[in-house]
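An overview of the molecular structure
This is what each chain is made of:
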Amino acid sequence: MPINLNEERDPELIKQIVKVGGEDLLKCFQCGTCIADCPTGVADEPLSVKRLIYIAKLGLAEKLIEDETPWMCVTCTGCEERCPRDARPFEIILAIRRWQCMEDETYIPQALTEIYERGHTQNVVNPMREELDLPEIKTVATREELLERFRQLLRETKIVREHGYMFGIMEE
Amino acid sequence: MKVGLFLGCNLPALRPDAEKAIRISLQSLGVEVVDLEGAACCPAFGTFWSADEEAAIAIGAWNYSIAEKMGVDMIVQCGSCYSTLKMSRHKLVNEKLQEINEKFLSKVGARYEGRSDTKHITDFLYNTVGVERIKSSLKYSMKGLKAVVQVPCHTLRPSKILGFDNPENPRVLKELTRALGAEVPTFTRDRQCCGGAGGYARRNRRAAMEFLKLKLDSMKEEVDPDCIVVSCITCLMWMDEAQEEMRKLGMIDYSIPVFDYNQLLAICQGHDPQKVARIAATPRDKVIAKILENKV
């Protein structure tokens, strides 16, 4: 998607990204080191942190909300390691994801509700355990009382408080 | 030596044989492995970290509070768990410890003082157990086998926060593999990430496979290894399962078996391959048979 400078700009955008963890974004001087070794480089539409930062700096909120490339990140943190400005590109990717979740809750990953439900992203009790002589799983997956305390902790977090219905929590 | 085994989600859910390999091989090295009662998801970068950072750090602190109460450090195989646990600890001990304790842990009767830490299993094996002790635990060897290693990127970077190896020229997993008797050659794309983690393979599977193919072609053409050694559940599953898919799609016409390091270690220690290395999409029988021919 080309960048159109005539689009409506939101001067608050950059501040919002900074607020959710992108505080080093302003250090970026668009050198492109972050994309040089990114695994997504072979994709038709690669993840370019450099470009995302540019969009954020221009205040193109509409464009940024539509851009799903931050979710393609492999989380290898090669960009984070090699950025010559220490702009922490990986933290910026996460910050943009958070901003997108705030602006459009359909971005909030389903896995959050899985973790709230059972403490894990999936069922961790594999039926093969017995055959392999593995000991019982002792995580919250099998400890109902601890799972309830874990859920209680999650209910204190902003994301669960503000989107309770997603986690099956009915408003009082 | 006593350590808390942080299981994470994918390892017990999908590769319990690799979990078995980790437990039993550590046992053979005289390490006491305890389970972290009440541990939860690390949480993964694609979950709470992507929606609410404070929540992610609070969950990390919950996991640490369990290890700390038991007086142990955590060891972990999954690269992603390792990275997020180190990340949350970094943010906790440098800034947020008090706040997270007050806002979250104190509400559920837990507390983290910043004492317990996380170690990746390769760090623990290399720097705490040591290769000499590993060597003396072996009944079989990988002598005559050529192995390439896939170093999990999450154990290398950001090196300032979680590094224990040279981020641009890692050697820990290579040395550990050499300790089993294997030859560990290097090749052009040696240091390339597998591409399996995060949202890449889920959002653009074809591109993630093309990316993996660059690496597989490079190792096949340059060194033609007998197997790939990994130490991360994602590298293990992705490099193993994507190969099978790529063969079906006609993208590759070869097959390179993939093992978790502890699976090879456990087999070399004489443990039953049916228990420690049962699940694989890319057949591994030939490598296992070869090892069992090499009595130490």
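Residues numbered from 1 in each chain as written. Chains lettered and ligands numbered in written order. Predicted model: local features only at pLDDT ≥ 70, side-chain atom pairs only at ≥ 80, totals over all residues.

For clarity, the threshold we go by: UniProt positions are given in the numbering used here, feature names are shortened, and annotations may be inferred rather than shown by experiment.
Per an unreviewed UniProt entry, chain A goes by 4Fe-4S dicluster domain-containing protein and derives from Archaeoglobus fulgidus. According to the UniProt record, the Sequence similarities (unreviewed entry) comment for chain A reads "Belongs to the HdrC family."

**So, the overall build of chain A**
For the record, the criterion: Secondary structure elements are defined from DSSP: runs of H or I of at least 4 residues count as helices, runs of E of at least 2 residues count as strands, and each element is numbered from the N terminus. Note that the radius of gyration is over C-alpha atoms, with the globule rule given as 2.2 Å times the number of residues to the power 0.38. Throughout, a pair of residues is in contact if the C-beta atoms placed from their backbones lie within 7 Å.
Counting secondary structure elements, chain A contains nine helices and zero strands. Listing every helix and strand of chain A by position from the N terminus yields α-α-α-α-α-α-α-α-α. Scaling as 2.2 N^0.38, a compact globule of 172 residues should have a C-alpha radius of gyration of about 16 Å, whereas chain A reaches 20 Å, well beyond that. On the principal axes, the C-alpha backbone points of chain A span a range of 60 × 45 × 25 Å. A sequence separation of at least 24 residues applies to 62% of the contacts in chain A between residues at least 6 apart.

**What to know about the overall build of chain B**
Note the following rule: Residue burial here comes from a neighbour count, namely the number of other C-beta atoms, placed from the backbone, that lie within 10 Å of the residue's own C-beta, with 20 or more meaning buried, 12 or fewer meaning exposed, and in between meaning partly exposed.
Along chain B, the regular secondary structure elements total 14 helices and seven strands. By the compact-globule yardstick of 19 Å for 296 residues, chain B fits well, its C-alpha radius of gyration being 19 Å. Principal-axis analysis of the C-alpha atoms places the extent of chain B at approximately 55 × 45 × 30 Å. For chain B, the residues scored as buried account for 60% of the 296 residues in total. In chain B, of all internal contacts separated by at least 6 residues, the share reaching a separation of at least 24 is 81%.

**Points about the domain arrangement of chain B**
Residues and elements named next belong to chain B. Here is the rule: Here the limits of each domain have been adopted from an automatic or database domain assignment. Lys, Arg, Asp and Glu make up the charged group, whereas Ala, Val, Leu, Ile, Met, Phe, Trp, Tyr, Cys and Pro make up the nonpolar group; the residues left over, Gly among them, are polar.
Considered domain by domain, chain B is made up of domain 1 (2-121) and domain 2 (134-293). Measuring from the centre of the C-alpha atoms in domain 1 to the corresponding centre in domain 2 gives 24 Å. Each partner contributes residues to the interface: domain 1 has 26 residues there, and domain 2 has 29 residues. Every element with two or more residues in the side of domain 1 that touches domain 2 is listed here: helix H1 (10-14), helix H2 (16-28) and helix H4 (79-103). Here the residues of the side of domain 1 that touches domain 2 sort into twelve nonpolar, ten polar and four charged.

**What to know about the pairing of strand E1 (residues 2-5) of chain B**
Residues and elements named next belong to chain B. As a reminder, the rule being used: Two strands pair under a simple rule: DSSP has to find at least two bridges between them.
Strand direction decides the pairing type here: E1 and strand E2 (residues 32-35), joined by four bridges, are parallel. Within E2, the position partnered with Lys-2 by the bridge is Glu-32. Judged from the two bridges that link them, E1 and strand E3 (residues 74-76) form a sheet pairing that is parallel. Residue Leu-5 lies in a different strand from E3, and its bridge partner there is Ile-75.

**Thoughts on the domain arrangement of chain A**
Split into domains, chain A comes out as domain 1 (13-106) and domain 2 (109-167). Here domain 1 of chain A and domain 2 of chain A have C-alpha centroids that lie 30 Å from each other.

**Quick look at the sheet that holds strand E4 (residues 118-120) of chain B**
Residues and elements named next belong to chain B. Note the cut-off: Note on geometry: axes are C-alpha line fits, over the in-contact stretch for helices, and angles between N-to-C directions span 0 to 180 degrees.
One open sheet accounts for four strands, arranged E2-E1-E3-E4; its pairing is parallel. Edge positions in the sheet fall to E2 and E4, since each has one partner strand and no second. In this sheet, neighbouring strand axes are inclined to one another by 40 degrees on average, regardless of whether the strands run parallel or antiparallel. In the packing of helix H5 (residues 121-129) onto the sheet, the strands contacted are E1, E3 and E4, and the crossing angle to E4 comes to about 85 degrees.

**Describing helix H14 (residues 285-293) of chain B**
All names here are of chain B. We count it as follows: Comment: arc refers to directions from the helix axis out to C-beta atoms.
Residues Val-287, Ile-288 and Ile-291 constitute the buried set of H14. One side of H14 carries all its buried residues, which in axial view fall inside an arc of 100 degrees. With respect to the buried face of H14, the exposed residues turned more than 90 degrees away are Asp-285, Lys-286, Ala-289 and Glu-293. Close packing links the buried residues of H14 with strand E6 (227-230), helix H12 (261-268) and helix H13 (273-276).

**With respect to the nonpolar core**
Residue and element names in this part refer to chain B. Short version of the rule: By definition, a nonpolar core groups buried Ala, Val, Leu, Ile, Met, Phe, Trp, Tyr and Cys residues that are joined through C-beta atoms within 7 Å.
Core analysis: the biggest nonpolar cluster contains 156 residues, and Ala-61, Val-229 and Met-239 have the highest contact counts within it. Take this core: its biggest share by element is ten residues, from helix H3 (residues 53-69). Val-229 has contacts with Ala-147, Val-149, Gln-150, Leu-173, Thr-177, Phe-259, Tyr-261 and Leu-264, leaving out every residue within four places of it along the chain.

**Section: the interface of chain B and chain A**
With 51 residues of chain B in contact, the opposing surface of chain A contributes 51 residues. Going through the elements one at a time, H1, H2, H3, H4, helix H9 (200-203) and helix H10 (205-222) of chain B are the ones with two or more residues in the side of chain B that touches chain A. Looking at the side of chain B that touches chain A element by element, the count peaks at five residues for H3 of chain B. Residues of the side of chain B that touches chain A, tallied by class, amount to 27 nonpolar, ten polar and 14 charged.

**Re the packing of helix H3 (residues 49-58) of chain A against helix H6 (residues 89-103) of chain A**
Residues and elements named next belong to chain A. Threshold: For classification purposes, an angle smaller than 35 degrees is called roughly parallel, one larger than 145 roughly antiparallel, one from 65 to 115 roughly perpendicular, and anything else oblique. Left-handed describes a crossing whose near helix is turned anticlockwise from the far helix through less than a right angle; right-handed describes the clockwise counterpart.
Two elements in contact, H3 and H6, have axes whose closest approach is 10 Å; the angle formed by their N-to-C orientations is 55 degrees. Viewed along their axes, H3 and H6 adopt a mutual orientation that is oblique. Between H3 and H6 lies a crossing whose hand is left-handed. Each of Val-49, Leu-52 and Ile-53 in H3 lies in contact with H6, whose residues at this interface are Pro-89, Ile-92, Ile-93 and Ile-96.

**Some points on the sheet that holds strand E7 (residues 258-260) of chain B**
Residues and elements named next belong to chain B. The parallel open sheet is built from three strands, whose spatial order is E5-E6-E7. Every other strand in the sheet has two partners, leaving strand E5 (147-150) and E7 as the edge strands with one partner each. Direction aside, the axes of adjacent strands within the sheet are offset by 30 degrees on average.

**Considering unusual backbone geometry**
Along the chain, Cys-42 of chain B connects to Pro-43 of chain B via a cis peptide bond; the corresponding omega equals -5 degrees. Along the chain, the position of Pro-43 of chain B falls in the loop between E2 and H3. Put simply, Arg-157 of chain B and Pro-158 of chain B share a cis peptide bond, and its omega is -10 degrees. Within the secondary structure, Pro-158 of chain B sits in the loop between E5 and helix H7 (159-162). Its identity is not glycine, yet Gln-30 of chain A carries a phi of approximately 60 degrees, on the positive side. Mapped onto the secondary structure, Gln-30 of chain A falls in the loop between helix H1 (13-22) and helix H2 (33-36). At Asp-224 of chain B, a position not held by glycine, the phi torsion is positive, near 45 degrees.

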